[in-house]
Amino acid sequence: MYRARHLAPAASELVAALRRRGRSVWPLRRRGAVLGFAVEVDRAPRPAAQLKATWDAAEPVFLPGVLGSRPTRFAAAIEQSLRMFDRLRRGGGLLPELERRLADDPDLRYAGSTVDRSDPREIERVFVDAGPEDQPLATDLWAMLAWIANDESDRSLRIRFSAGKDRLEDWMQSTDLTAGWVDQFASRAFPECEAILGCAALRTTLDALLQRPHRLSERILYNNAPGGGAVFHHDAEPGQLGVCFSQLQGHTAWLSIGKRRLARLVHRCGGAASVRAAMAALDQNDDEALWRLMNRDAPFTAQLAAHGALFVLQAGDSILLPSHGIDDVAWHSVLALGSKPSLAHSYGLFAAADDYPLAADPWRQ
């Protein structure tokens, strides 16, 4: 069942004909890889039972238009963030941007800045503490500005919110109270978070899929630039139930499919001797030929699209990526569309305890 159809890179005459008829046809290009074109063909919402079956099968759940008019309601905040990313791309600092946004905040206090010289993608990390200075409620909360790829041709940026020592994966052991303050940090700095957090339709869908109290944490702002985006990967992390990605401005193309189906396609297309070997190769992440097949091969992209794994997201859309375990997880890659950088938010889905969220957070279960 197609969400978007794929056209080969050589289909220029058909692309031109479709565009003359008013159809949107998007070139799929990422850091020099020419993967063809995407034509959106199906934006019909799916019944709740089908969404649940898709989620349970560890396949991506596409929610076209789920945010409704909320991106328009928060258009001013979204535009401010787009302008901020433009300044950051030109060499501006994250600290002054956050200082302006949090100047009157009664709870969040600047605690320092660092740059990880060992990570070529990291640009700047800003730390804040929450609560009274003499008795802070949470410390080492941070926002990290980084390039999405270690490639100078890709000007895509992201800002990730978390806490503790990243290399020790402290965020996996964070209490819900600490996570709640990290989430407050993101929400207070970037008001457009409310376009997602306050969406009743999205809340209802997540309630039905997760069937437990949950929080939307480890928030990331994405500013995907033309020709950029993320290569195939997964988000199977201990304690994380999945990811909710929401497009607030512009467009992105997604190739997303459950790991088991991906392994079958890899085997069928000659990327592994067996499905079992493909599953193992996906885990090892050191097979250059497999990496090129998944990320730089237009015929393989066509195969993914033929199996319903190609999606075009526009402002107001969300896509949910379930993570039930290392073998039952939605793999995905992203390609920026359009002539300008876009804005999207990605939130990890976690079970919530009684001390999360804070009273001011709109995502209360």
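Here's a quick rundown of the structure. Since the structure is predicted, the reported quantities are computational estimates derived from the model, not experimental observations.

1. Here's the deal with the layout of surface pockets
Then, number 1: For the second largest pocket, the calculated volume is near 340 Å³.
Then, number 2: Forming the walls of the second largest pocket are 17 residues, and the residues nearest its centre are Gln-50, Thr-54, Pro-60, Gly-308 and Phe-311.
Then, number 3: Contributions of two or more residues to the lining of the second largest pocket are made by α2 (48-56) and β4 (61-63).
Then, number 4: With 3 residues, α2 is the single largest residue contributor to the lining of the second largest pocket.
Then, number 5: Of the residues contributing to the lining of the second largest pocket, the split by class is 8 nonpolar, 5 polar and 4 charged.

2. Notes on the sheet that holds strand β6 (residues 122-130)
In a beta sheet, neighbouring strands pair by backbone hydrogen bonds and run either parallel or antiparallel.
Then, number 1: With antiparallel pairing, 9 strands are arranged side by side in an open sheet as β4-β13-β10-β15-β9-β8-β7-β6-β5. Only two strands of the sheet have a single partner each, and these edge strands are β4 and β5 (108-114). Direction aside, the axes of adjacent strands within the sheet are offset by 20° on average.
Then, number 2: Contacting β5, β6, β7 (138-147) and β8 (157-163), helix α5 (residues 94-101) crosses the sheet at an angle of about 35° to β6.
Then, number 3: The sheet contacts of helix α8 (residues 200-210) involve β4, β9 (214-223), β10 (240-249), β13 (318-322) and β15 (343-351), and relative to β13 the element is tilted by about 15°.

3. Details of the pairing of strand β14 (residues 330-337)
Then, number 1: Burial runs high along β14: 8 of the 8 residues are buried.
Then, number 2: Residues Ala-330, His-332, Val-334 and Ala-336 of β14 are buried on one face, and the alternating residues Trp-331, Ser-333, Leu-335 and Leu-337, pointing to the opposite face, are buried as well.
Then, number 3: Both strand β11 (residues 251-258) and β14 contribute to a ladder of 8 bridges, which runs antiparallel. Across the sheet, Thr-252 pairs through a bridge with Ala-336, a residue of β14.

4. Some remarks on the packing of helix α9 (residues 259-268) against helix α10 (residues 275-284)
Then, number 1: α10 packs onto α9 with a crossing angle of 115° between their chain directions and a minimal axis gap of 8 Å. Put simply, α9 runs roughly perpendicular to α10. Our pair here, α9 against α10, has a crossing hand that is right-handed. Only Val-275, Ala-278, Met-279, Leu-282 and Asp-283 of α10 make contact with α9, whose side of the interface consists of Lys-259, Arg-260, Leu-262, Ala-263, Arg-264, Val-266 and His-267.
Then, number 2: Per-class residue counts for the contact of α9 with α10 are 7 nonpolar, 1 polar and 4 charged.

5. With respect to the sheet that holds β11
Then, number 1: Here we have 3 strands laid out as an open sheet, ordered β12-β11-β14, and antiparallel in their pairing. Looking at which strands have only one partner, the edges of the open sheet turn out to be β12 (310-313) and β14. Recorded for the sheet is a direction-independent mean angle of 25° between the axes of neighbouring strands.
Then, number 2: Sheet analysis places β11 next to β12, joined by 4 bridges and oriented antiparallel. Each bridged residue has a counterpart across the sheet, and for Ala-253 the counterpart in β12 is Val-312.
Then, number 3: The strands that α9 touches are β11 and β14; relative to β11, the one it contacts most, it runs at about 85°.

So, how was this worked out
Residues numbered from 1 in each chain as written. Predicted model: local features only at pLDDT ≥ 70, side-chain atom pairs only at ≥ 80, totals over all residues. Heavy atoms only, no water. 1 Å grid on protein atoms, 1.4 Å probe; cavity = no way out; pocket = protein on both sides within 12 Å on 5 of 7 lines; lining within 4 Å. Points joined across faces, edges and corners; volume = space filled by probe spheres on them. Helix = DSSP H or I, 4+ residues; strand = E, 2+ residues; numbered from the N terminus. Nonpolar A, V, L, I, M, F, W, Y, C, P; charged D, E, K, R; others polar. Pairing = 2+ DSSP bridges. Axes fitted to C-alpha atoms, helices over the stretch in contact; angles between N-to-C directions. Contact = heavy atoms within 4.5 Å. Buried < 20%, exposed > 50% of the residue type's maximum accessible area, 1.4 Å probe, protein only. Parallel < 35°, antiparallel > 145°, perpendicular 65-115°, else oblique. Left-handed = near helix turned anticlockwise from the far one by under 90°.

Distances and angles like these do not, on their own, reveal function.
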